[in-house]
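Working through the structure, step by step
Below, each chain spelled out in residue letters.
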Amino acid sequence: MITWDSAKQIAAGTSEEPLVSAADSKHWICKPVYFQNGFVGALPQIWLRQSVLDRLKIASEVLPNGYRLVLLDGWRPKQLQQALFDDMRQKIATENPRLEGIQLDEMTMNYCSKVSDDPVQPSPHLTGGAVDVTLANASGVELDMGSAFDEPSQRSWTTYQLSGAPMHHRKVLHSAMIQSGFTNLPSEWWHYDYGNWVWAWYSEASVAEYGPIEHI
Ligand SMILES: C[C@@H](N)C(=O)N[C@H](C)C(=O)O
Ligand SMILES: [Zn+2]
C-alpha cells in the first residue's frame, strides 16, 4: 500500500495536457456524485485529462457485453478535496469514537487523500489523473459492488473477500481498467489513477506525467 513518504522520490509531472469534460455516451454514464450531493466546490460535469478519457474509452470497449462504466468523479478543486476530507474524517470519527489525532488522519487517508497542491505530491484528483468509477448493467442500473461508494470500511478494499455477483463485478471493473493502463488504489474498489504520482508509484515509474492543474 502506498504511503506519501514512500513515493516522495517520484519526479513531478509537467504535462500540459488539458482537462476535458466527459459527457454521457455509448462508453459511459456520467453521474457527478459530489455535485449531486451538494458538496462545496463540486462541478456539474466530470473533467479529466484527455489521455485519461482515451483510456476510459478503451476500458469501456474491453468490458464484457452487458456492462457500462459509470463515472462518479474526476478532477477536483482543492476546496472540494478539503470538504471531502473533512466529511470522511467526521464519518470515521463517529464510527470509531476512540480514534483521534494522527490515527484518525491515517485511517481517513485510506478513503480520502489529504489536501495538497504540492507539485510533486498533489492530492491525486487535483491532477485530473484520478477517476472514481463503477459499473452499470446495459439498462444503466448500477451494480452491487459489495460496498457503497465512499464507504470507509474493510469491505471497500478491492480484494476484500466477497461472494457472488459483487466480487465478480469488482473483478470485471478491475480487469478492464488495468488492461487500459490504470492502477487501482487498494483501499477503494472505485478509485483508479493514470499519469499522476500514485499511478507512477504503482507502475514503478520514476516520473509522473501530471501535476496539479487549475480548471479554466
Ligand atoms: C473520496 C474518495 N472518493 C477518493 O477519491 N479517495 C481517494 C483516496 C482520494 O481522495 O484521492
Ligand atoms: Zn478517487
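Refer to the structure above for everything that follows.
Rules used in this analysis
Residues numbered from 1 in each chain as written. Chains lettered and ligands numbered in written order. Predicted model: local features only at pLDDT ≥ 70, side-chain atom pairs only at ≥ 80, totals over all residues. Heavy atoms only, no water. Salt bridge = Lys/Arg side-chain N within 4 Å of Asp/Glu carboxyl O. Buried < 20%, exposed > 50% of the residue type's maximum accessible area, 1.4 Å probe, protein only. Near = heavy atom within 4 Å. Polar contact = N/O pair within 3.5 Å; in protein donor to acceptor, adjacent residues only side chain to side chain. Areas by Shrake-Rupley, 256 points an atom, 1.4 Å probe, with all protein chains shown as cover. 1 Å grid on protein atoms, 1.4 Å probe; cavity = no way out; pocket = protein on both sides within 12 Å on 5 of 7 lines; lining within 4 Å. Sits in = over half its atoms within 2 Å of the grid points. Axes fitted to C-alpha atoms, helices over the stretch in contact; angles between N-to-C directions. Helix = DSSP H or I, 4+ residues; strand = E, 2+ residues; numbered from the N terminus. Parallel < 35°, antiparallel > 145°, perpendicular 65-115°, else oblique. Left-handed = near helix turned anticlockwise from the far one by under 90°. Contact = heavy atoms within 4.5 Å. Nonpolar A, V, L, I, M, F, W, Y, C, P; charged D, E, K, R; others polar.

Right, let's get into the pattern of salt bridges. Scanning all chains against the criterion turns up seven salt bridges. Notably, a salt bridge pairs Arg-76 with Asp-73, separated by 2.6 Å at the nearest N-O pair. The residues Arg-76 and Asp-73 share a single accessibility class, namely buried. Taking the shortest distance from any N to any O, the salt bridge between Arg-76 and Asp-132 comes out at 3.1 Å.

This part takes up the site of ligand 1. What surrounds ligand 1 is a group of 15 residues, the closest being Tyr-34, Arg-76, Ser-113, Asp-150 and Glu-188. Here Tyr-111 contributes a backbone N or O atom positioned 3.2 Å from a nitrogen atom of ligand 1. Glu-188 is positioned such that a nitrogen or oxygen atom in its side chain is 2.9 Å from a nitrogen atom of ligand 1. Surface burial for ligand 1 is 99%, taken as the share of its 320 Å² of free accessible area covered by protein chains. When each cavity is represented as a set of grid points, ligand 1 is found to reside in the largest pocket.

This part covers the packing of helix α2 (residues 50-62) against helix α5 (residues 165-179). Here α2 crosses α5 at 135°, and the two axes come no closer than 8 Å. Accordingly, the angle class assigned to the pair α2 and α5 is oblique. As for the relative orientation of α2 and α5, their crossing is right-handed in sense. Together, Leu-56, Ala-59 and Val-62 of α2 and Ala-176, Met-177 and Gln-179 of α5 make up the contact between the two elements. Within the contact of α2 with α5, the residues separate by chemical class into five nonpolar, one polar and no charged.

Scope: geometric values only; no functional claims are made or implied.
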